[in-house]
Amino acid sequence: VEMAHLIDELTHCDVVFLGEQHDNDSGHVFQLQVIQGLVDRGLDLVISTEQFERDVQGVVDDYLCGRIAEEAFVASSRPWPNYQQHYRPIIEYAREKNIPVLAANIPRRLASDVAASKPVDLLDLAFMPRTVTTPEDAYWFKFQSTMKDHMGADGAEKLNLFYKSQCLKDDAMAEAITDYLAVNSHKRKVVVHLCGHFHSDFGLGTVARVVQRSPLLRTAVITMESIPDKGKPDLVNMSQRAHYVFWTVANPVKENEPSGEIAETANDSDKNP
């Protein structure tokens, strides 16, 4: 579909999931184009992010409203290593247009503690979602398949803990989205959520948990898939993955640099997709 048609379709949604490949250059350009397109249609947007964590929400707010300089923001918000290249343009656009940004994810130290079966620090309990679910559903089987080669000797126990940590992120992000919409229910808001595509593909992960909390919300899922230069997209196997698939040419692979879903693992200290 043409971009204008896509934007027209998305204007009817309450939550738009932009499931990304974290390291794909053109994918992040596409994300900004979607956000700009929705703003140009006059929608009142909020951007929700996997890439910033709940305990730095105040820092994000301070930067967006001009209370602190960019240097202080970057120093205090624990941005991902590819922030400058891939996420800064979106944050700067949000700052220019006065768009709220939700730091929706749990602190990675908390996810790491759960994945390591460590007790959660009392000070971190405030950042835990009120409800945590770990269903043995299609998401669980997809998670198993993705992570099985990373488990080592004590695979089953470690896999269960990693899945618990993964679901903790999904519940936290879903809670951030639905809480914001509930508090602002007196006027229409549209949430655009940025996340690794594993969290939103097939309507699982964060998407399912948003729907569980607010069944009447209208959602759209966009996923990204990169193909080699001059390659052809595999349309047959993508039909159930999302409402829309953004096909893009893969970045040139640099030596010793992970890509795809494994790049998501590299960005996260608890090794979850």
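Residue positions are given per chain, counted from 1 along the sequence in the order it is written. Confidence filtering applies because this is a predicted model: local features only for residues at pLDDT of at least 70, side-chain atom pairs given and counted only at 80 or more, and all residues used for totals across whole chains, interfaces and linings. Neither water nor hydrogens contribute to the side-chain values; these are computed over all heavy atoms in the structure.

Trainee: Would you mind showing me how to read the overall build of the protein chain here?
Mentor: Each helix corresponds to a stretch of at least 4 residues labelled H or I by DSSP, and each strand to a stretch of at least 2 residues labelled E; elements are numbered beginning at the N terminus. Each helix and strand counted, the protein chain has ten helices and six strands in total. Buried positions account for 50% of the 273 residues belonging to the protein chain. In the protein chain, 76% of the contacts between residues at least 6 apart in sequence involve partners at least 24 apart. Residue exposure ignores everything except the shown protein chains as possible cover, and the areas themselves are Shrake-Rupley values with a 1.4 Å probe. As presented, the protein chain carries roughly 12900 Å² of accessible surface, and 53% of it is formed by carbon and sulfur atoms. Between buried and exposed lies partly exposed: a residue is buried under 20% and exposed over 50% of the maximum accessible area for its type, with that area taken using a 1.4 Å probe on protein chains only. Contact between two residues is taken to exist if any of their heavy atoms lie within 4.5 Å; hydrogens are not considered.

Trainee: It is not clear to me how the sheet that holds strand 1 (residues 15-20) should be interpreted in this structure. Could you clarify?
Mentor: Two strands in a sheet stick together by hydrogen bonds in their backbones, pointing the same way (parallel) or opposite ways (antiparallel). By definition, two strands form a pair when at least two bridges between them are found by DSSP. Ordered by their spatial adjacency, six strands build an open sheet running 3-2-4-1-5-6, and the pairing between neighbours is parallel. Pairing within the sheet leaves two strands with one partner each, and these edge strands are strand 3 (101-105) and strand 6 (244-249). Shown here is a sheet whose adjacent strand axes are inclined to one another by a mean of 25°, direction ignored. The sheet contact formed by strand 2 (residues 45-53) and strand 4 (residues 190-196) spans five bridges and is parallel. Across the sheet, V46 pairs through a bridge with V191, a residue of strand 4. Working convention: axes come from line fits to C-alpha atoms, limited for helices to the stretch in contact. Angles between N-to-C directions cover 0 to 180 degrees. Relative to strand 3, helix 3 (residues 57-64) is tilted by about 160°, and along the sheet it contacts strand 2 and strand 3.

Trainee: What is the right way to read the packing of helix 1 (residues 3-10) against helix 2 (residues 25-40) from this model?
Mentor: To describe two helices that pack against each other, one gives the angle between their axes and the distance between the axes. With their axes 10 Å apart at the nearest point, helix 1 and helix 2 run at an angle of 60° to one another. The angle between helix 1 and helix 2 places the two elements in the oblique class. For the pair helix 1 and helix 2, the sense of crossing is right-handed. For the pair helix 1 and helix 2, contact is made by M3, L6, I7 and L10 and by F30, Q33, V34, G37 and L38, respectively. Throughout this entry, Asp, Glu, Lys and Arg are counted as charged residues, while Ala, Val, Leu, Ile, Met, Phe, Trp, Tyr, Cys and Pro are counted as nonpolar. The remaining residues, Gly among them, count as polar. Broken down by class, the residue content of the contact of helix 1 with helix 2 amounts to seven nonpolar, two polar and no charged. Here the angle decides the label: under 35 degrees means roughly parallel, over 145 means roughly antiparallel, 65 to 115 means roughly perpendicular, and every other value means oblique. Helix crossings get a hand from a simple test, with the near helix turned counterclockwise from the far one by less than a right angle marking a left-handed crossing and a clockwise turn marking a right-handed one.

Trainee: Honestly, the packing of aromatic side chains in this entry has me stumped. Any pointers?
Mentor: The relative placement of two aromatic rings is captured by the distance of their centres and the angle of their planes. For Phe, Tyr and Trp, where Trp contributes only its six-membered ring, two rings pair if their centres lie within 6.5 Å, and the inter-plane angle classes them as stacked under 30 degrees, edge-to-face over 60, or tilted in between. Per the stated rule, a full pass over the model turns up eleven aromatic pairs. A centroid spacing of 6.0 Å and a plane angle of 90° characterise the contact between W80 and Y87, whose relative ring orientation is edge-to-face. For the pair shown, W80 and Y87 are each scored as buried. Their ring planes at 55° and their centres at 4.7 Å tell us that W140 and Y163 sit as a pair that is tilted. With W140 in helix 7 (residues 138-147) and Y163 in helix 8 (residues 155-183), the pair connects residues that are 23 residues apart, well separated along the chain. For W140, a relative accessible area of 7% puts it in the buried group. One aromatic cluster in this structure is built from Y139, W140, F143, Y163 and F198.

Trainee: Please clarify how the side chain of H199 should be interpreted in this entry.
Mentor: Following the sequence through the fold, H199 ends up in the loop between strand 4 and helix 9 (206-213). H199 gets classed as buried once you look at its relative accessible area, which sits at 0%. Between N or O atoms, a polar contact is any pair within 3.5 Å; within protein, one atom must be a potential hydrogen donor and the other a potential acceptor, and residues adjacent in sequence are included only when both atoms are from side chains. Among the polar contacts made by the side chain of H199, one reaches the side chain of E50 at a distance of 3.4 Å. Residues in contact with H199, not counting those within four places in the same chain, are E50, Y139, Q166, K169, D170, M173, L204, G205, T206, V207 and P273.

Trainee: What is the right way to read the pairing of strand 5 (residues 219-227) from this model?
Mentor: Each regular strand carries side chains that alternate between the two faces of the sheet. Sheet topology places strand 1 next to strand 5; five bridges connect them, and they run parallel. Bridge pairing in strand 5 links G19 to T223. Here strand 5 runs beside strand 6; their pairing, made up of six bridges, is parallel. Looking at strand 6, one finds that E225 is bridged to W247.

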